[in-house]
Amino acid sequence: MADRFVYQCTLRWSDLDAFGHVNNSRFLTLYEEARVALMFAGARAAGVDSFADGVVIRRHEVDYLRPVDYPLAGATAEGGPTVRIELWVEEIKPSRFTVAYELYDGEVLAGRARSVLVPFDLGRQLPRRITDREREFLRTYALSGGSA
């Protein structure tokens with residue numbers, strides 16, 4: 001397997017539900033933060049700026065494996081407790097790609113997800129093909145045999 005992109009995501013008080021757990025809908029926000037870090041900061045650091053020009057979500061698939069608590073003992077004046085999100089690219093097609101995620105609460109796997117993403121031309125309001133430079137960047141995090 002290729003390298004995974006690892007992102008430490010700080011939990012916020014507003015992420016909690018009435019039971020003191022991270023709300024299921026907030027898992028998507030946490031995955032989004034990690035995906036944005038990969039596609040905008042990570043890609044830009046690798047010299048690929050085009051994802052910032054437009055990428056849309058075609059589909060999400062989420063498996064909730066266990067609740068994630070907000071441990072007050074993990075909060076400090078500098079920030080709240082964190083979860084670790086590991087991402088990789090499962091599939092690359094000419095006009096879409098799939099990102100997979102695992103969310104860890106400490107060392108415990110708490111959730112898995114997949115997102116199908118489509119590069120998008122915001123000016124024309126149309127999907128577009130993945131460029132060669134984008135494909136090369138995505139392959140850095142792709143499973144062997146998963147790219148086209």
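Residues numbered from 1 in each chain as written. Predicted model: local features only at pLDDT ≥ 70, side-chain atom pairs only at ≥ 80, totals over all residues. Heavy atoms only, no water.

(A) Examining the side chain of glutamate 102 more closely. Tracing the backbone through its elements, the reader meets glutamate 102 in strand E4 (residues 96-105). Given a relative accessible area of 10%, glutamate 102 falls into the buried group. At 2.8 Å, the side chain of glutamate 102 and the side chain of arginine 4 are in polar contact. If we ignore the near neighbours within four places in the chain, the residues touching glutamate 102 are Arg4, Arg84, Ile85, Glu86, Trp88, Leu109, Gly111 and Arg112. (Helix = DSSP H or I, 4+ residues; strand = E, 2+ residues; numbered from the N terminus. Buried < 20%, exposed > 50% of the residue type's maximum accessible area, 1.4 Å probe, protein only. Polar contact = N/O pair within 3.5 Å; in protein donor to acceptor, adjacent residues only side chain to side chain. Contact = heavy atoms within 4.5 Å.)

(B) Seen up close, the environment of aspartate 63. Considering the arrangement of structural elements, one finds aspartate 63 in strand E2 (residues 55-64). Separated by 26 residues in sequence, aspartate 63 and valine 89 have C-alpha atoms that sit 17 Å apart.

(C) Layout of the packing of aromatic side chains. Applying the stated rule across the entire model yields eight aromatic pairs. For the pair tyrosine 31 and tyrosine 101, a centre-to-centre distance of 4.8 Å together with 35° between the ring planes defines the contact as tilted. With a gap of 70 residues between them, tyrosine 31 in helix H1 (residues 24-45) and tyrosine 101 in strand E4 connect regions that are remote in the sequence. Both residues of the pair, tyrosine 31 and tyrosine 101, count as buried. Ring centres 5.8 Å apart and planes at 55° place the aromatic pair phenylalanine 51 and phenylalanine 97 in the tilted group. Here phenylalanine 51, found in the loop between H1 and E2, pairs with phenylalanine 97, found in strand E4; they are 46 residues apart in sequence, far enough to count as distant. Here phenylalanine 97 falls in the buried class, since its relative accessible area comes to 0%. Every member of this aromatic cluster is reached through a ring pair, and the members are Phe5, Phe51, Phe97, Phe137 and Tyr141. Positioned over the ring face of tyrosine 104 is arginine 84, at 4.3 Å from the centre of the ring. (Phe/Tyr/Trp six-rings, centres within 6.5 Å; stacked < 30°, edge-to-face > 60°. Lys NZ or Arg CZ within 6 Å of the ring centre and 35° of its normal.)

These figures capture arrangement, not role.
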